[in-house]
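In case you want the letters, here they are:
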Amino acid sequence: MSHPFEGLPTTPTAEELVDKAFSRASRAGGAKDGNEAQQSMLMTASNIASDNMENVVTTWPTIDDLDPFYIELADAVIGESYPADNDPGIDALKQHLSEISWAADKVVEIRQEYESRVARGDIDTARKLRKQAFARIADVVEEVEDNLAAVSTAHNALKDIPDIRPDEPAIVVAGYPNVGKSSFVNRVTRADNEIASYPFTTTQIRVGHFEDQRIRYQLVDTPGLLDRPPEDRNEIESQAVSALEHLADAVLVFIDPSGECGYPLADQLELRNDIEARFDVPVLTIANKSDLSTDVEADYYMSVTENDNVDTVLQAAIDAVDYEIELPFDE
């Protein structure tokens, strides 16, 4: 299973759609004579234009059926993609898709309006009517030119979002930079950690996996989001944090009491307090670098570099998640 926006086909431009529809129609008409050629051209152009636009719409997942994590995340990503839009988030995408769906239906209506008239008229009338229909089809496709471009923009932004699975338990790792988060994720997860970027951050997030009691857990380290005070996040980043609220089953906030990370302990604890207030899941305070200092009140002390108490912290996270596998039968 991958994320719901992976594998979306490329969205054609309006110009590409018109060119494809009319060039295919020309080939179809060349294989026939008289009115039948004009009918074939009309049918082919209409089908190519309407089917391709309908395909743009139907290949997108139904937004309202997505997990809240992906709805929030997509809203943030698309908001960054449509900065000039009045309503720049996922509602704007839904509106663009709706307009394209309207255009697909309109092209079918045009074909239905003209096909019997093309069939009944003499050849000159049939050709004239078919040209009229082509001009109207081209107008309809061009009317949704901006909508197609916007959907393409959203697709490009969403296709590379990290593959995080809301149906698997997730432990979010938070804390200021250089407190040992990445070292911890690398230590306790498999070697195939995924590294990807949110489109709106310059830093990469890390998603590691480990198994316990046949349950696969995700460890999510989010630099650029949960590594600084809320007031330092822009609107898009704040919305991405909202997405993480839907995802997280527990949060580990790493603190470096030695101050070696370069951030005052008071600031680190304030960030921890903000996270505790925001996330409605267990939040554990983990004092890392215990070989250098334990001068802070914390739930657990460990040193990743010395491999001291790392397994205890991991087990504490598992216990905090308290995930029970759903059995495929009724008790």
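Residues numbered from 1 in each chain as written. Predicted model: local features only at pLDDT ≥ 70, side-chain atom pairs only at ≥ 80, totals over all residues. Heavy atoms only, no water.

As named in an unreviewed UniProt entry, the protein is 50S ribosome-binding GTPase, taken from Haloarcula terrestris.

(A) Inspection of the environment of Pro 12 at higher detail. Note that Pro 12 resides in the segment before α1 (14–30). Assessed through its relative accessible area of 18%, Pro 12 is described here as buried. Along the backbone, Pro 12 and Gln 268 are 256 residues apart, and their C-alpha atoms lie at a distance of 48 Å. Filtering out sequence-adjacent residues up to four positions away, Pro 12 remains in contact with Leu 17, Val 56 and Leu 148. (Helix = DSSP H or I, 4+ residues; strand = E, 2+ residues; numbered from the N terminus. Buried < 20%, exposed > 50% of the residue type's maximum accessible area, 1.4 Å probe, protein only. Contact = heavy atoms within 4.5 Å.)

(B) Region of the structure containing the pairing of strand β5 (residues 250–255). Judged by how many residues are buried, β5 sits mostly within the fold: six of six residues are covered. Residue alternation in β5 divides its side chains into two sets, Ala 250, Leu 252 and Phe 254 and Val 251, Val 253 and Ile 255, and both sets are buried. Bridge analysis of strand β1 (residues 170–174) against β5 gives four bridges, and the strand direction is parallel. Looking at β5, one finds that Ala 174 is bridged to Val 253. The parallel pair β5 and strand β6 (residues 283–287), bridged by helix α9 (residues 265–278), forms a crossover whose chirality is right-handed. (Pairing = 2+ DSSP bridges. Right-handed = clockwise from strand over helix to strand, strands pointing away.)

(C) Local environment of the packing of aromatic side chains. Under the criterion given, the structure shown has seven aromatic pairs. On the basis of an interplanar angle of 5 degrees and a centroid distance of 4.4 Å, the ring pair of Phe 22 and Phe 134 is categorised as stacked. A residue pair is termed long-range when its members are at least 10 positions apart, and Phe 22 in helix α1 and Phe 134 in helix α5 (residues 123–143) qualify at 112 residues. With a relative accessible area of 22%, Phe 22 lands in the partly exposed category. Since its relative accessible area comes to 9%, Phe 134 is described here as buried. With a centroid separation of 5.1 Å and 5 degrees between ring planes, the pair formed by Phe 210 and Tyr 217 is classed as stacked. The residues Phe 210 and Tyr 217 share a single accessibility class, namely buried. By way of ring pairs, the aromatic residues Phe 5, Trp 60, Phe 69 and Tyr 70 are connected into one cluster. Arg 117 extends its terminal NZ or CZ atom over the ring of Tyr 114, reaching a point 5.1 Å from the ring centre. (Phe/Tyr/Trp six-rings, centres within 6.5 Å; stacked < 30°, edge-to-face > 60°. Lys NZ or Arg CZ within 6 Å of the ring centre and 35° of its normal.)

(D) Structural context of the side chain of His 155. Mapped onto the elements, His 155 comes out in helix α6 (residues 145–158). With residues up to four places along the chain from it excluded, the contact list for His 155 reads Leu 8, Pro 9, Thr 10 and Trp 60.

(E) Summary view of unusual backbone geometry. A positive phi angle is found at Arg 214, which is not glycine, with a value near 65 degrees. Secondary-structure assignment places Arg 214 in the loop between β3 (204–212) and β4 (215–221). Judged by its relative accessible area of 78%, Arg 214 is exposed. Of note in the backbone geometry, Asn 307 takes a positive phi value of approximately 55 degrees without being a glycine. Position of Asn 307 among the secondary structure elements: in the loop between β7 (300–301) and α10 (310–321).

(F) Quick look at the pattern of salt bridges. All told, the structure shown has 13 salt bridges when counted by the stated rule. Linking Glu 109 and Lys 106 is a salt bridge whose minimum nitrogen-to-oxygen distance equals 3.5 Å. Of this pair, Glu 109 and Lys 106 both sit in helix α4 (residues 90–120), separated by three residues, roughly a single helical turn. Across the pair Arg 228 and Asp 227 runs a salt bridge, and its minimum N-O distance is 3.8 Å. Judged by its relative accessible area of 22%, Arg 228 is partly exposed. (Salt bridge = Lys/Arg side-chain N within 4 Å of Asp/Glu carboxyl O.)

(G) Inspection of a negative patch on the surface at higher detail. A contiguous patch of negative charge on the surface is contributed by Glu 15, Glu 16, Asp 19, Glu 99, Asp 139, Glu 142, Glu 143, Glu 145 and Asp 146. Those elements giving two or more residues to the negative patch turn out to be α1, α5 and α6. Mapping Glu 142 onto the fold places it in helix α5. For Glu 142, a relative accessible area of 43% gives the class partly exposed. (Patch = residues over 30% accessible without salt bridge, like charges linked within 9 Å, V, L, I, M, F, W, Y side chains within 5 Å. Areas by Shrake-Rupley, 256 points an atom, 1.4 Å probe, with all protein chains shown as cover. Lys, Arg positive; Asp, Glu negative; His and termini not counted. Charge placed at Lys NZ, Arg CZ, Asp CG, Glu CD.)

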